[in-house]
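Fold and geometry: a report
Here is how the chains run, residue by residue.
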Amino acid sequence: MKPIDSVARLVLPSAFGPALLALLIAGCGALPDKPQRAALYDFGPGLGTPSATTSTVMPPISLPEIDANTRLDGTQLNYRLGYADANELKPYGQSRWSVAPTQLLRQRLREALSARRTVLGPEESATIARRDGKVPDTLRISLDEFSQYFESQGSSVGLVRLRATLVQSTAGGDRVLGQRSFNAQRPAPTGDAAGGVKALAAASDAAIAEMVAWVDQLPR
């Protein structure tokens, strides 16, 4: 048996070597490409809005997390094809937000409010309430729309819609000081995810600036 095995070992490679090599080459060509890492976006570094100081004339305000439905509370970068089906919300495949848009918006809003007042989180507000017996007014925000809207194949805008409610907590219960919706849209410089990010950041800043001015003028 040993001579036969030896012959087989000598014959098989020479007979099937080219075929095996071809199969190996074909197999290597069929291997999947390395998956591409999704591009991550945010609103950029901001403009360095100064924080509140002792000279701040506006009363402190509490800013809890922003509410949104599950589709807008994730990190997907969404768009709508208004010329085809505006009711369908589509995600970009290889582009995402670094964190949920609700977090990006809250950070931007906090920076804008901090220019004239102290902005507190829910835990800080509870601490002040225990110490002073008074709860700061609470600004509750709901994110209703946050997408790149294509009016045509070559034209799109960043579309942002927010609903704000300023609530005063008293011993007798909560009292609504004001409620308003804020809509803003800004043109996208390019018809892709990167252009949509720039448009949504600009639209968010516009809506936030209008909201801060509204909060500042509300009677207490």
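Residues numbered from 1 in each chain as written. Predicted model: local features only at pLDDT ≥ 70, side-chain atom pairs only at ≥ 80, totals over all residues. Heavy atoms only, no water.

Glancing now at the pattern of salt bridges. According to the stated counting rule, one finds nine salt bridges in the structure shown. The residue Arg80 makes a salt bridge to Glu145 at a minimum N-O spacing of 3.0 Å. Taken together, the positions of Arg80 in strand β4 (residues 76-81) and Glu145 in strand β7 (residues 137-152) put the pair 65 residues apart, joining distant regions of the chain. A salt bridge links Asp144 to Arg163; its shortest N-O distance comes to 2.8 Å. Separated by 19 residues along the polypeptide, Asp144 in strand β7 and Arg163 in strand β8 (residues 155-170) bring together distant segments of the chain. The class of Asp144 is partly exposed, set by a relative accessible area of 25%. When its relative accessible area of 34% is taken as the criterion, Arg163 is described as partly exposed. Several salt bridges converge on common partners, so that one network encompasses Arg116, Arg117 and Asp216. (Salt bridge = Lys/Arg side-chain N within 4 Å of Asp/Glu carboxyl O. Helix = DSSP H or I, 4+ residues; strand = E, 2+ residues; numbered from the N terminus. Buried < 20%, exposed > 50% of the residue type's maximum accessible area, 1.4 Å probe, protein only.)

Bringing the confidence of the model for the protein chain into the picture now. Chain-level pLDDT for the protein chain is 84 on average; 76% of the residues reach the 70-or-more range. Mean pLDDT in the protein chain bottoms out at helix α1 (residues 2-29), which sits at 47, and peaks at β4, which reaches 98. (pLDDT = per-residue confidence, 0-100.)

Within the structure shown, the criterion is met by six aromatic pairs. Ring centres 4.7 Å apart and planes at 45° place the aromatic pair Tyr79 and Tyr92 in the tilted group. Taken together, the residues span a long stretch of sequence, with Tyr79 in strand β4 and Tyr92 in strand β5 (residues 85-97) at a distance of 13 residues. Taken individually, Tyr79 and Tyr92 each receive the classification buried, so the pair is uniform in this respect. Ring pairing ties together the aromatic residues Phe43, Trp97 and Phe146, which thus form one cluster. (Phe/Tyr/Trp six-rings, centres within 6.5 Å; stacked < 30°, edge-to-face > 60°.)

It is worth spelling out the nonpolar core at this point. Ranked by internal contacts, the top residues of the largest apolar core, which has 41 residues, are Leu109, Leu139, Ile141, Phe146 and Met211. Of all the secondary structure elements, the ones that give two or more residues to this core are β4, β5, α2 (101-113), β7, β8, β9 (173-187) and α4 (193-217). Per-element accounting of this core gives the leading share, twelve residues, to α4. Once you skip the residues sitting within four places of it in the chain, Leu139 turns out to touch Ile61, Ser62, Leu63, Pro64, Leu109, Leu113, Ala164, Thr165, Leu166, Met211, Trp214 and Val215. (Core = buried A, V, L, I, M, F, W, Y, C linked by side-chain atoms within 4.5 Å. Contact = heavy atoms within 4.5 Å.)

In this structure, Ala184 sits in strand β9. Take Ala184: its relative accessible area is 10%, and that puts it in the buried class. It is 8.9 Å that separates the C-alpha atoms of Ala184 and Leu162, two residues lying 22 residues apart in sequence. Excluding residues within four positions of it along the chain, Ala184 makes contact with Gly158, Leu159, Val160, Ala203, Ala206 and Ala207.

Quick look at the side chain of Ser114 now. By the secondary structure assignment, Ser114 is in the loop between α2 and β6 (119-120). A polar atom in the side chain of Ser114 sits 2.6 Å from the backbone oxygen of Arg110. (Polar contact = N/O pair within 3.5 Å; in protein donor to acceptor, adjacent residues only side chain to side chain.)

Moving on to the side chain of Gln148. Of note, Gln148 is situated in strand β7. Engagement of the side chain of Gln148 in a polar contact is seen with the side chain of Tyr92, the distance being 2.8 Å.

In this section: the pairing of β9. Here β8 pairs with β9 via 14 bridges, running antiparallel. Looking at β9, one finds that Gly158 is bridged to Arg186. (Pairing = 2+ DSSP bridges.)

Looking now at the environment of Leu81. Counting through the fold element by element, Leu81 comes out in strand β4. Placed 67 residues apart in sequence, Leu81 and Gln148 show a C-alpha to C-alpha distance of 8.7 Å. In contact with Leu81, other than residues within four places in its own chain, are Ala86, Lys90 and Phe150.

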